[in-house]
Amino acid sequence: MVHREKAHVQPLDSIRGIAATSVVIHHLLLMPTFLAAFPHNAWINCSFFRSAWLLVDLFFVLSGMVMALSYIENDFTRFSLREFMIRRLARVYPLHIVMLLANLVFRLLRIGLVMAGVVVAAPTVFEVNNAYSFGLNVLLLHSMGFIDYLSWNAPSWSISVEFYTYFVFGLIVLFALRMGSLSWFYVLSGLIAVGSLVFIIFVLEKRSLELQTDFGLLRCFVGFFLGVLMVKIVDRLRAKPGAAVQGVLQFVAMIASIVLVSLAETNPAATFLAPVMFAIFLGSLLSFPDALLMPRILVAKPLIWLGRRSYSIYMVHALVVLLAEYFVRGVGAGRIAALDSIWAGLPATLNLVVSLAAVLAVSHLTYLYVEIPGGRFLRNAFGSPPDFAPSPARSARLSN
């Protein structure tokens, strides 16, 4: 298979970066250690960030769109499941394994310091982060139902379910090839997306879409295959309104997405609509690249920088937050209270800003020295073609 250069819509990259950063802020606001240590919340504490866990579903939708653009809209007949899975593994695995090992080193160091009496912590042994869960993490099986808890680098649960969603995607493509019709691909994608959502709501009787180790794969199916379908919908659009109207439509879709995320805190059932709303919003960005306002804002260099490092931001932040927790404990309640008396919420806000800056700094390094060379190494190791053929279909480029 020739892997064609993917249509790279830069605003979508920026949205991915903004979403990843929002997930980091979400955890910095709600970590129990910080809630207990700081007398007042950080100044940007609001319902959107408190519910930003839901933006993981935006990642799923965007991933489905990228896969459809890359492997279906270009040259459907030349698809190779082996080549596809090698490229997916090369994309997600190097950073995943590095962060897994980093967490292992940290926890071994913690145990050593506790045993030496330097650090007081209970319990001193591994609880959920044990040899069994470590092995599952190595195989990307840690959120596939073998354990019912988050382990090691907790955010990687979504990488686990997404990797096997890629495999299902590949099988569907092969089936459609065997049937000789791309229509089968979209029909099955729709059935999986709708069927998964129906199963979550009516069979599992979940109150919200917040599934992780418990049927997180179905949650990924919903967003991913809605993203796939949105690419088809965008492709079928013929008549388009003027640039001003396009801009209004994009802005309304963005506001609706923000409101929906904000409602998740008090209305959990609203989360079931999130993948649909995210698909509409991202679809509007894909469909109207020349609209006024939003596309122009989202191609700003800082946002593009953020978007390119979004995977690293997402994957490294848990360990950085964990280190920040130890630092806050070391500072002590007295110093924190004195700082908070100067301005309510100041220590919590400083912790958020410094921790977020640390995440961005570390993610820049992992992007340069783990993601890029690690992916190249795995592709070469499996004999995957290193070059990309230019796509005749689109002039913009989209990475995942």
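The structure under discussion appears in the preceding block.
Criteria and thresholds
- Each chain has its residues counted from 1, following the order in which its sequence is written.
- It should be noted that, the model being predicted, local features are given only for residues of pLDDT at least 70 and side-chain atom pairs only at 80 or more, the latter also being counted only at that level, while totals for whole chains, interfaces and linings use all residues.
- Think of the side-chain values as coming from all heavy atoms in the structure, minus any hydrogens and water.
- Numbering of helices and strands runs from the N terminus, with a helix taken as a DSSP run of H or I at least four residues long and a strand as a DSSP run of E at least two residues long.
- Each residue is placed in one exposure class: buried if its accessible area under a 1.4 Å probe, protein chains only, is under 20% of its type's maximum, exposed if it is over 50%, and partly exposed if it falls in between.
- Contact definition: two residues touch when any of their heavy atoms are within 4.5 Å.
- Exposure was quantified through the Shrake-Rupley algorithm and a 1.4 Å probe, taking into account, for residues, occlusion by the shown protein chains and nothing else.
- In this scheme Phe, Tyr and Trp rings, the latter by its six-membered ring, pair at centre separations within 6.5 Å, and the angle between planes marks the pair as stacked below 30 degrees, edge-to-face above 60, and tilted otherwise.
- Working rule: Lys NZ or Arg CZ, within 6 Å of ring centre, within 35 degrees of ring normal, means a charge sits over the ring.
- Without a salt bridge and with relative accessible area above 30%, a residue can belong to a patch; like charges are then joined within 9 Å and nonpolar side chains (Val, Leu, Ile, Met, Phe, Trp, Tyr) within 5 Å.
- Any carboxyl oxygen of Asp or Glu within 4 Å of a side-chain nitrogen of Lys or Arg constitutes a salt bridge here.
- A 3.5 Å cut-off defines polar contacts: any pair of N or O atoms within that distance qualifies, except that in protein one atom must be a possible hydrogen donor and the other a possible acceptor, and neighbouring residues in sequence count only when both atoms are side-chain atoms.
- Using protein atoms alone on a 1 Å grid, points that fit a 1.4 Å probe yet trap it form a cavity, whereas open point sets bounded by protein on both sides within 12 Å along at least five of seven lines form a pocket; residues with an atom within 4 Å of a point count as lining.
- Grid points are joined across faces, edges and corners, and a volume is the space filled by probe spheres set on the points.
- Gly is placed with the polar residues, together with every amino acid not listed as nonpolar (Ala, Val, Leu, Ile, Met, Phe, Trp, Tyr, Cys and Pro) or charged (Asp, Glu, Lys and Arg).

*Asks:* Mind showing me how you'd approach the overall build of the chain here?
*Replies:* What the chain contains, in helices and strands, is 16 helices and 0 strands. Here the chain, with 400 residues, has 52% of them falling under the buried criterion. Sequence-distant contacts, at least 24 apart, represent 80% of the contacts inside the chain between residues at least 6 apart. Carbon and sulfur atoms provide 69% of the accessible area of the chain, an area that totals close to 17700 Å².

*Asks:* Can you walk me through the packing of aromatic side chains in this structure?
*Replies:* Each aromatic ring pair is described using two quantities: the centre-to-centre distance and the angle formed by the ring planes. Applying the stated criterion across every chain, the model contains 20 aromatic pairs. Measuring from ring centre to ring centre gives 4.8 Å for tyrosine 71 and phenylalanine 84, while their planes differ by 85°; the resulting arrangement is edge-to-face. Note that tyrosine 71 is positioned in helix α4 (residues 56-71) and phenylalanine 84 in helix α5 (residues 81-115), a separation of 13 residues in sequence. In this structure, tyrosine 71 and phenylalanine 84 share a single accessibility class: buried. Here a set of aromatic residues connected by ring pairs shows up, and it is made of Tyr71, Phe79, Phe84, Tyr166, Phe169, Phe185, Tyr186, Phe221, Phe224 and Phe225. Taking the ring centre of tyrosine 166 as reference, the NZ or CZ of arginine 88 above it sits at 5.3 Å. One cation-aromatic arrangement involves arginine 329 over tyrosine 326; the distance from NZ or CZ to the ring centre is 5.1 Å.

*Asks:* Sorry, what's going on with a nonpolar patch on the surface here?
*Replies:* A grouping of Phe251, Ile255, Ile258, Val259, Leu263, Leu292, Leu293 and Ile297 is seen on the molecular surface, where their side chains present a nonpolar patch of about 630 Å² in accessible area. Of all the elements, helix α10 (residues 243-263) adds the most residues to the nonpolar patch, at 5 residues. Mapped onto the elements of the fold, leucine 293 is located in the loop between α11 (274-287) and α12 (294-298). When its relative accessible area of 47% is taken as the criterion, leucine 293 is described as partly exposed.

*Asks:* For this particular structure, what's the right way to read the side chain of histidine 317?
*Replies:* Note that histidine 317 resides in helix α14 (residues 310-331). In this structure the side chain of histidine 317 is engaged in a polar contact, spanning 2.9 Å, whose partner is the side chain of histidine 27. Sequence-distant contacts of histidine 317, that is, excluding residues within four places in its chain, are made with Val23, Val24, His27, Pro155 and Val359.

*Asks:* Explain unusual backbone geometry to me, please; I cannot follow it from the model alone.
*Replies:* Among all residues except glycine, the phi angle is most often negative; among peptide bonds, the trans geometry is most common. A positive phi angle is found at glutamate 205, which is not glycine, with a value near 55°. In this fold, glutamate 205 is placed in the loop between α8 (182-203) and α9 (216-236). Located in the positive-phi region is leucine 293, a residue other than glycine, with phi close to 75°.

*Asks:* Explanation requested: the environment of alanine 381 in the structure shown.
*Replies:* Within the secondary structure, alanine 381 sits in helix α16 (residues 346-381). For alanine 381 and isoleucine 86, which are 295 residues apart along the polypeptide, the C-alpha to C-alpha distance reads 9.7 Å.

*Asks:* Looking at this structure, I do not really get empty space enclosed by the protein. What am I missing?
*Replies:* Unoccupied space between atoms shows up once a probe the size of one water molecule is rolled over them. Summed over the entire model, instances satisfying the criterion amount to 4 cavities of 30 Å³ or more. Roughly 90 Å³ of volume is contained in the second largest cavity. Along the walls of the second largest cavity sit Leu28, Leu29, Phe34, Leu35, Phe38, His40, Asn41, Ala42, Ala348 and Leu352, which together make up its complete lining. At the level of secondary structure, the elements contributing two or more residues to the lining of the second largest cavity comprise α1 (10-30), α2 (32-37) and α16. A class-by-class count of the residues in the lining of the second largest cavity yields 8 nonpolar, 2 polar and no charged.

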